[in-house]
Amino acid sequence: MGHIPVRIAFVLCLGAVFLNPVTERIEFTNAIPFMFSHYAIFVIGLLLSYRLFRLPPWLAAIGSSIAVFWHLPYTFLLSGVNPFYRIVEELSLGIGGWLVGSSLRWMKSPFKSAMLVIWFVSDTALSILFIISPTLYSRAGGPNSPYLPSQFIILGIAMIFFMNGVIAYIVYQYLRRYRSVLLSEDS
């Protein structure tokens, strides 16, 4: 996502898919598109700020903390059922992505790699939690949860596939960037 026009087009597509009345309505009854909207909104914030703004690297911790907060069982359900908290959640996830995106360019490579690994581990842990204990999230706010436990099992599996796709993309980009170096070592 290096070129700004491509990045903007991608952001507009994500926004059109996840920030529209039809999808928003579905998200109040189905945890799967709701969770994937979290990814989308965070990525929108990240892409709108990456390499365009410069914030101190420590602000990435605040941005990441916002994402963690909205994935705790109670806050996840609260924003899943209450329109006011949904607005707060979406705005803060976008801001969290913005903080991370504006901080990334100025971080040293090992720290960026560490953040990526922490995200992978955290997301994998959440996926496993959705699969092995779906009632933790479907019943977090009591019996009025609109989300069925089966949705979280499917969501956990979908998140694992998504994460593997992200990892495959990163490996592809790495191999593409360092292909000549890797091939020269084989000779």
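Structure report, in brief. Computed from a predicted model, the values in this text were never measured in an experiment. (Residues numbered from 1 in each chain as written. Predicted model: local features only at pLDDT ≥ 70, side-chain atom pairs only at ≥ 80, totals over all residues. Heavy atoms only, no water.)

Quick word on the packing of helix α3 (residues 31-49) against helix α5 (residues 73-81)
Think of two packed helices as two axes; the pair is described by the angle between the axes and how far apart they sit. What counts is decided by this rule: Convention adopted: a line fitted to C-alpha atoms gives each axis, helices being fitted over their contacting stretch, and angles between N-to-C directions are expressed from 0 to 180 degrees. Note on conventions: DSSP H or I runs of at least 4 residues are helices, E runs of at least 2 residues are strands, and numbering of each starts at the N terminus. Comment on the angle field: the value is read as roughly parallel under 35 degrees, roughly antiparallel over 145, roughly perpendicular from 65 to 115, and oblique elsewhere. Residues count as neighbours in contact if any of their non-hydrogen atoms are within 4.5 Å of one another. Residues were grouped as follows: Ala, Val, Leu, Ile, Met, Phe, Trp, Tyr, Cys and Pro as nonpolar; Asp, Glu, Lys and Arg as charged; and all remaining residues, including Gly, as polar.
Contact geometry for α3 and α5: axes closest at 11 Å, N-to-C directions at 100°. For the element pair α3 / α5, the angle class is roughly perpendicular. Note on element contacts: α5 touches α3 through F76, S79 and G80, opposite F34, M35 and H38. Along the lines of polarity and charge, the residues of the contact of α3 with α5 split into 3 nonpolar, 3 polar and no charged.

Section: the nonpolar core
Stated precisely, the cut-off is as follows: Here the nonpolar core consists of buried residues drawn from Ala, Val, Leu, Ile, Met, Phe, Trp, Tyr and Cys, with membership extended through side-chain atoms lying within 4.5 Å. Burial status follows relative accessibility: with a 1.4 Å probe on protein chains alone, a residue under 20% of its type maximum counts as buried, one over 50% as exposed, and anything between as partly exposed.
With 33 residues, the main nonpolar core has F152, L155 and M159 as its most contacted residues. For this core, the elements supplying multiple residues, two or more each, are α1 (4-18), α3, α4 (59-69), α5, α6 (83-104), α7 (109-132) and α9 (149-177). The leading source of residues in this core is α3, at 11 residues. Contacts of F152, omitting those with residues within four sequence positions, involve A31, F76, F130, I131, P134, Y137, S138 and Y147.

Thoughts on the pattern of salt bridges
A side chain of one charge can pair with a side chain of the opposite charge if their charged atoms are brought near each other. To keep things clear, this is the line we draw: Whenever Lys or Arg places a side-chain nitrogen within 4 Å of a carboxyl oxygen from Asp or Glu, that contact is recorded as a salt bridge.
Enumeration over the complete set of coordinates arrives at 3 salt bridges. The partner of E24 in a salt bridge is R86, and the shortest N-O contact between them spans 3.1 Å. Of the two residues, E24 sits in helix α2 (residues 21-27) while R86 sits in helix α6, which places them 62 residues apart along the sequence. Residue class for E24 comes out buried when judged on its relative accessible area of 15%. The shortest N-O distance in the salt bridge between R86 and E89 comes to 3.9 Å. Taken together, the residues span about one helical turn, with R86 and E89 both in helix α6 at a distance of 3 residues. Using a relative accessible area of 2% as the deciding quantity, one classes R86 as buried.

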